[in-house]
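# Inside the fold
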Amino acid sequence: MSVSSAFRRQLEGYSLTTAEILYRMPDHPHLLQSFVWQNHDLCPGFPELRRFLAFWRDSIEGQVHAVRVAHSRLIRPAELRTVNGEFHLH
């Protein structure tokens, strides 16, 4: 039985990363436009995001103004807590 490459990457520590990129409009540099990028990436270095931003810098005219990053581990320890008590039904 083979395991998908996406699942294998999650076991290696990759997790869902979302970046909101604010950039200046090339024809109207005083206006900011928003672009949302989402991919699996490694926290805290974010090599995939850095690679995308390098591509943006080299290939897209809109100058990046700010980047906001949100990150969530998809595979993490179970969130369990003990409960003191007993419940009886009927």
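The coordinates are above.
Here's a quick rundown of the structure.

Here is what the cut-offs are and how they apply
- Residues numbered from 1 in each chain as written.
- Predicted model: local features only at pLDDT ≥ 70, side-chain atom pairs only at ≥ 80, totals over all residues.
- Heavy atoms only, no water.
- Helix = DSSP H or I, 4+ residues; strand = E, 2+ residues; numbered from the N terminus.
- Polar contact = N/O pair within 3.5 Å; in protein donor to acceptor, adjacent residues only side chain to side chain.
- Salt bridge = Lys/Arg side-chain N within 4 Å of Asp/Glu carboxyl O.
- Buried < 20%, exposed > 50% of the residue type's maximum accessible area, 1.4 Å probe, protein only.

Turning our attention to the side chain of S15. Among the structural elements, S15 can be located in strand β1 (residues 14–24). A distance of 2.5 Å separates a polar atom in the side chain of S15 from a polar atom in the side chain of H71.

This part covers the pattern of salt bridges. Where charged atoms of side chains with opposite charge meet at close range, the side chains can pair. Scanning the entire structure with this criterion turns up 4 salt bridges. Of the charged contacts in the structure, one is a salt bridge between R57 and D58, with a shortest N-O distance of 3.4 Å. The class of R57 is exposed, set by a relative accessible area of 62%. When its relative accessible area of 59% is taken as the criterion, D58 is described as exposed.

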